[in-house]
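# Chain and residue survey
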Amino acid sequence: MLDISSVVESLKLNWVKRLLSPDPGNIIALTWIDSDETQQPRRIRTPVVKRINLLDCLEFYYFVTEINNRIEVLIEQDGQAVETTSIWNRTEITSFQWKRVLIDIDSVKSHFVIIFEGTVFDSDPVESLIALDDIKLRSGACNQEFACDFEDSFCLEQVTGSDHFDWRIGSGQTTSVNTGPRFDHTLDDSTGRYAYIETSSPRRQGDEAILKTLAIAPSSDHRPHCLHFWYHMYGEHIESLTVNISVVNDSGPGAMVWSKSGSRGNVWRPAEIELRENNTFEVMFQAVRGAGIRGDIAIDDISVELRSCIIHDLSNVTNASCEFEEAEVCGYIQDDNDDFDWVWKNGATASLGVGPSTDHTMMNGLGFYMYVTMTDPQLQAQTARFISPKINRPEKSHCLEVWYHMYGNRVYQVLSVYKLDADQSEIKLWNADGNHGDYWHRAAFEIESKSSYKIIFEGTLGYSTFGDIAIDDVIVTEGVCQIHVVTTPPPQPENTVTNISCEFETLDVCNYTQGIYDDYDWVPGQGGGAIFGPQYDHTLKSSRGHFMYLETFFWNYNQKARLNSPLVMETITPSCVKFWVYMDGEDVDFFNVYIKKYSEPLADDPLIAVYGDYGPKWFHEQVEIPPSHEPFNVVFEGVRGSGYLGVIAIDDISFYRSACTSSFRCDFENGINECGLTQGKNGNEDDFDWYLRQGFTSSHGNTPITDHTFGTEAGHFVYIEASQPQRPGYIAVLTTPLLKGVMTTTCLRFFYYSYGEQHSTMKVSMSSRGTVKMLWTSPGSSNSWESAVIQLPISSLSYQVHFEGKIGEHFQGDLALDDISISQENCNKPTTTKPATHTQTTTVAKHLTIDKHLTINNSDKHVEVTTNQQYIISYFECHFQVDISTCGLIQSTSDDLDWSYNDINILQSLPGLEGGKSYIYINPRNGQVGQKGQIETPIIKASTNQCIRIDYNINQTPQVLNLYIVVGKLWTRIWRTSDTTNSWKAQQINFNSDSSTFSIIIEGVIGNSGNGLIGIRRFEVIPDCIIDPNVTAGSTSDNRTRNKVIGVCVAILVVLIAVVLTVYFKFRSRKRDPPLISTIKFDNRPITDNIVIENPLYLTTENTTESAK
């Protein structure tokens, strides 16, 4: 390096710390000049250089901050004040980077001086800067090195004859979307330039484009060259970029020294390759066009320098420790004898709610990992095996560490790790299965080996597409493993909202978004805008209003469209979502509503499922969302049916941060709207409205003087006025809010007043999904408040109750209404009965037929239900053509695990439970040995000669299946089996109940090993049962149990007789008035069967006033 520090003082230059340098150092810089000296050139000169070589190479680095500032290099010969020659100049800024310059000096004939001249055109002392550093002059040509940033010219040469098309110079974004860089690498803005291939038409797959550098001479002192460049490979159709080294005048293709393929993310990446060439050579960049137009490849900032490389490319290094960041995956290979391959991938997997969203190494979408996924149903239960390079025999034990990701609600897949010894024997080291959440987990285990070995990662797919397996960052080290458990932090939620209510009347549709992993989209619509769609929206009830709907004409059977709500803030109590749905057409399929928690996949089963054609009308629905400790989305899903004659639409979504209510009460003291009552029915207009009132109406004597609630004139009620302008036959309707259906008795109570000539009449009806059921009609005129009590049908469907008043033939025929209540109770019980509660997790469009024929109707969507005084079933049947809760079965909340439902129309059967029918099952992999899952039937009326018929299947390792009869809190087991069937088996169990009502609990218990499945596909409780020749008969107990029961009964009888005799003789011997006595009621005897004893010391007593005889 030339020493130029001696001339600094005379040139008004400041020494400053070197910018962008990895080490502390000094630079020479022209920073500020007095305002009267701006635009005046300032020079710095080298010492006189004695000319020895025919050719010298000048190298230096410069830094310019303002676009108008100028730096120039001149040559002055013989060191005399003669005319100077300019050999190089620049005026552009360097984007806060040091720029390297190489200049051949071959035109001078004698000694010379190199002059660096700087001109500052901006007087701002802060912003304006010209700097120099690392000035070198060496013998020989500069072509021993090479630099190109494409800012001045296309500094590479196109290769013609052996390729198919040319590279281009680009700036800013390329012409194709979702591919190519946004800016260059040098300046990182839209003005910077780079070289790229354009893959649009007429390019074809496999076409090649080749660029090459100028000829580069080998080092005279045998030093290596370092090739450094930046590349950009982004797009789904990226093929490959290859670097070859070709010797000048050699006709061959050259030797490949570097290659990459596939999308590497929307980012510039560096590459360095160390070269040791003895002949003059050229660097060739070969890009290949992929299968489509999204395959643009770019390069920038290429340099070949006489130095060793700092960053070594590891793409061709073979090592069992691997981050999988390069396509060569460290020499790992796919097993040729397995069923399918592991996939090298970055970013999120293709399925929503499964697999990782980033790799583990870089924790962003650019990093890569290896994964297996269910892409083809034919791959079920098949394996993919990934084999490491050979690991040499350790001096002591090895520790194998791997990060794995297993996420999905139905992850039946298994990840196993094996050690493959030199003799090809395999030893399993570790395995994991199930859903481990949306996190990367660390697994580490020690390996002892007396010879070299390899590692095999084996992924085994299960029976669902809802689960991927991924691995990353495999590390093999010597010594023992550090014992610690680490998972990556859970994903952080985005901005959340507290309300997702929406009428879809704004362009942003309330920030609802389309699903990205479904098949097609919901679209905004207006009344009459769709051929088969609604003629009006629900909000405005006009063609001007908007809604969201599915256009099914261009889509296929069972394809799905999902509409996602904004992300809802976590809740500590249940929430309620109400909405209006339109489902019209013979080909209408399912409309489903799901909850999607932020860190979990989309749930297997919807919270509500509505199926089929409901006609050209809007109907009201709701769904209750359980409390959530993390944010969640509500997902509305429409499924395309077998044809295009069907439209599903949604409108007026309302969100409440409280549970959906199943009870209702209104005394009108706070008005009509405050109760949640609305005028009209199902969104249709009636003729006039109900009015709020105190005391007399205008038709004196035809309405009550007082309300019913307080019995005073100050109290409120509602009424319809029969006077003009109303006309005979006019109707006014008052409708309750949408109420949650529950599988228990529900009672409607209200008070009405109907009086006058040709009195008005009132009808009460209930509607569910557009189907209306008449419940009650007023019997006649009355001059007082009358009570009406109606037992509502049991149903899991949401519903509304409508009070319809109809004007009679005379103006003196008013009608009044007060004190409406809907509560979960039997109408025959006192009104103070505490409402029962029942939680439903899934509701579908099926009904229960009530009273003496309770069956699950699996085909009709609209079942007429006749009301009766008693709502206790005497016959129960479920073939599981619908899910568990729709059958009327209730999952226990005090057991260990739940029974699961397998719908054969959606999922394939699990191994061992095949048979072509839907069923419920317990999978022991979801629990531990000894854990139980219980479900309970509704309350059933007892009869003689009852029996249970059950089709069950216990495969592989024996599990336990129990049946209990439940009366109150007393459980009695009536049947048990632990025999392995390995196929479906029909069983009939005969039993009798001493109680008038009972329920049955089905209990599955995980066996000794925790393997195998328990399945049930039919369950019936039948009165007046006869032996079915097609099933195996059983009894409530075996002989041994019966003998034990008889023995216990005899012992109790003996004790009772002894107690009675003792009491009798003691009473006879007494000559004074007896003390108070106590009555003891035994739990296992009728309540009238009491035993009287004297002064019990250990039993709870009830004192009476009777005297002993």
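The paragraphs below set out a description of the structure included in this document. All values reported here derive from a predicted model rather than from experimental measurement.

This paragraph deals with the pairing of strand β48 (residues 771-777). Successive side chains on a regular strand alternate, one facing one side of the sheet and the next facing the other. Across six bridges, strand β47 (residues 761-768) lies against β48 in antiparallel orientation. Across the sheet, the residue bridging to Ser 768 is Thr 771, located in β48. Connecting β47 to the next strand, β48, in antiparallel fashion are two residues, including Arg 769 with a positive phi near 55°.

All told, the structure shown has 23 salt bridges when counted by the stated rule. For Glu 76, the salt bridge goes to Arg 45, with nearest N and O atoms at 2.8 Å. One end of the pair, Glu 76, is in strand β5 (residues 70-77); the other, Arg 45, is in strand β3 (residues 42-45), and 31 residues separate them in sequence. The exposure class of Glu 76 is buried, given its relative accessible area of 5%. When the shortest N-O distance is used, the salt bridge between Arg 307 and Glu 272 registers 3.4 Å. In this pair, Arg 307 is assigned in the loop between β20 (297-306) and β21 (333-334) and Glu 272 in strand β18 (residues 269-275), connecting sequence segments 35 residues apart.

Another aspect to go through is the sheet that holds β5. Taken together, four strands build an open sheet; the order of strands is β3-β8-β5-β6 and the sheet is antiparallel. The sheet terminates laterally at β3 and β6 (85-90), the two strands that pair on one side only. Averaged over all adjacent pairs, the angle separating strand axes in this sheet is 20°, with direction ignored. Where β5 lies against β6, five bridges are found, and the strand directions are antiparallel. Opposite Ile 71, over in β6, you have Arg 90 as the bridge partner.

Next up on the list: unusual backbone geometry. Residue Pro 202 is reached from Ser 201 by a cis peptide bond, and omega for that bond is 15°. Residue placement: Pro 202 occurs in the loop between β13 (194-197) and β14 (208-212). Backbone geometry places Cys 330, a non-glycine residue, at a positive phi of 60°. Topologically, Cys 330 is positioned in the loop between β20 and β21.

Within the structure shown, the criterion is met by 41 aromatic pairs. Residues Phe 991 and Phe 998 carry aromatic rings whose centres are separated by 5.6 Å and whose planes lie at 90° to one another, so their mutual orientation is edge-to-face. Look at Phe 998 and you get buried, because its relative accessible area is 1%. Members of the aromatic cluster, joined through ring pairs, are Phe 60, Tyr 62, Trp 88 and Phe 116. Above the ring of Tyr 453, the side-chain terminus of Lys 419 is found at 5.9 Å from the ring centroid. When the ring centre of Tyr 656 is taken as reference, the NZ or CZ atom of Lys 578 above it lies at 5.6 Å.

A separate point is the state of the cysteines. Counted by the stated rule, this structure contains eight disulfides. The residue that forms a disulfide with Cys 148 is Cys 155, at a sulfur-sulfur distance of 1.5 Å. For the disulfide bridge between Cys 148 and Cys 155, the dihedral angle about the S-S bond is near 65°, and by the sign convention the bridge is right-handed. Across the disulfide from Cys 576 sits Cys 660; the S-S distance is 2.0 Å.

Among the secondary structure elements, Gln 928 is positioned in the loop between β56 (919-922) and β57 (932-936). Taking the C-alpha atoms as reference, Gln 928 lies 9.6 Å from Val 1005; in sequence the two are 77 residues apart.

Ordered in space as β22-β23-β30-β25-β28, the five strands form an open sheet in which the pairing is antiparallel. Sheet topology places β22 (343-346) and β28 (441-447) at the edges, where each strand pairs with a single neighbour. Here the average twist between neighbouring strands, direction ignored, is 35°. The pairing of strand β25 (residues 398-407) with strand β30 (residues 468-478) spans nine bridges and is classified as antiparallel. Looking across to β30, one finds that Tyr 404 is bridged to Ile 471.

Let us look at the pairing of β13. Judged by which residues are buried, β13 turns out to be covered on both faces: Tyr 194 and Tyr 196 on one side and Ala 195 and Ile 197 on the other are all buried. Taken together, the three bridges between strand β12 (residues 168-170) and β13 define a ladder with antiparallel strand orientation. Residue pairing in the sheet places Arg 168 in a bridge with Tyr 196 of β13. Alignment of β13 against β20, held across three bridges, turns out to be antiparallel. Residue pairing in the sheet places Ile 197 in a bridge with Ile 297 of β20.

Definitions and limits used
- Residues numbered from 1 in each chain as written.
- Predicted model: local features only at pLDDT ≥ 70, side-chain atom pairs only at ≥ 80, totals over all residues.
- Heavy atoms only, no water.
- Pairing = 2+ DSSP bridges.
- Helix = DSSP H or I, 4+ residues; strand = E, 2+ residues; numbered from the N terminus.
- Salt bridge = Lys/Arg side-chain N within 4 Å of Asp/Glu carboxyl O.
- Buried < 20%, exposed > 50% of the residue type's maximum accessible area, 1.4 Å probe, protein only.
- Axes fitted to C-alpha atoms, helices over the stretch in contact; angles between N-to-C directions.
- Phe/Tyr/Trp six-rings, centres within 6.5 Å; stacked < 30°, edge-to-face > 60°.
- Lys NZ or Arg CZ within 6 Å of the ring centre and 35° of its normal.
- Disulfide = S-S within 2.5 Å.

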